[in-house]
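This is what each chain is made of:
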Amino acid sequence: MTGRAEAPRQPDEGAPDAWLVFGVQYVPALDGLTPGTDALLLTWLDRADRDTLSVHPRGNAALPITGVFATRSPDRPNPIGLHTIRILSAAGPRIHVRNLEALDGTPILDVKPILTPHR
């Protein structure tokens, strides 16, 4: 996937499985990310238009113009992407994930496991 037009809009709209690729220096930081782990992935939406302040939600001109902070638009002043992913497998600096709604080559900022309360 190389263009924004081909990007899935939400995980439940066909977001493909994908590989996250980290520098080898970060392999120790990936220890503990095991299959079945749900995590939050923060990305930098590097192809976003940072001057956009309002949009038609979902690119639908029939919907009223809305401020980007009330939408999931990738175009926004501070284009941080937030994705809920599931770890499928891990191999060295590569993590195979489900539900990634990002373009190939999108920079990764951080990964944080979703913690569930102990009962």
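Read on for an overview of the structure. Computed from a predicted model, the values in this text were never measured in an experiment.

## As for the pairing of strand β6 (residues 94-98)
With 4 bridges connecting them, strand β1 (residues 18-21) and β6 associate as antiparallel partners. Note that in β6 the partner of A18 across the bridge is V97. Between strand β5 (residues 80-91) and β6, which follow one another and run antiparallel, lie 2 residues, and G92 among them has a positive phi close to 60°.

## Focus on the sheet that holds β1
Reading across the sheet, the 5 strands line up as β1-β6-β5-β2-β7 and stay open at both edges, with antiparallel pairing between neighbours. Of all the strands in the sheet, just β1 and β7 (108-113) have a single pairing partner and so form its edges. Pairs of neighbouring strands in the sheet enclose a mean axial angle of 45°, with direction left out of account. Both strand β2 (residues 38-44) and β5 contribute to a ladder of 7 bridges, which runs antiparallel. Bridge pairing in β5 places L42 opposite L82.

## What about the pattern of salt bridges?
When the charged atoms of two side chains with opposite charge come close together, those side chains can pair. All chains considered together, the criterion is met by 5 salt bridges. With a shortest N-O distance of 3.4 Å, D17 and R98 are connected by a salt bridge. Within this pair, whereas D17 is found in the segment before β1, its partner R98 is found in strand β6, the two being separated by 81 residues in sequence. Its relative accessible area of 37% is what places R98 among the partly exposed residues. R86 is the salt-bridge partner of D38, the closest N and O atoms lying 2.7 Å from each other. Here D38 is found in strand β2, whereas its partner R86 is found in strand β5, with 48 residues between them in sequence. Overall, the relative accessible area of 29% leaves D38 in the partly exposed class. The exposure class assigned to R86 is partly exposed, which follows from its relative accessible area of 34%.

Procedures and definitions
Numbers given for residues are sequential positions, taken from 1 along each chain in its written order. Thresholds applied to this predicted model are a pLDDT of at least 70 for local features of residues and 80 or more for the giving and counting of side-chain atom pairs; totals over whole chains, interfaces and linings are not thresholded and use all residues. Each side-chain value is worked out from all heavy atoms of the structure, with water and hydrogens disregarded. The rule for pairing is simple: two strands pair if DSSP sees at least two bridges between them. Helix and strand assignments come from DSSP, with helices taken as H or I runs of at least 4 residues and strands as E runs of at least 2, each series counted from the N terminus. Structural elements are reduced to axes, namely lines fitted to C-alpha atoms, with helices fitted over the stretch in contact, and the angle between N-to-C directions of any two is expressed from 0 to 180 degrees. Salt bridge criterion: a side-chain nitrogen from Lys or Arg within 4 Å of a carboxyl oxygen from Asp or Glu. Exposure is judged per residue with a 1.4 Å probe applied to protein chains only, and the accessible area is read against the type maximum: over 50% gives exposed, under 20% gives buried, and values in between give partly exposed.

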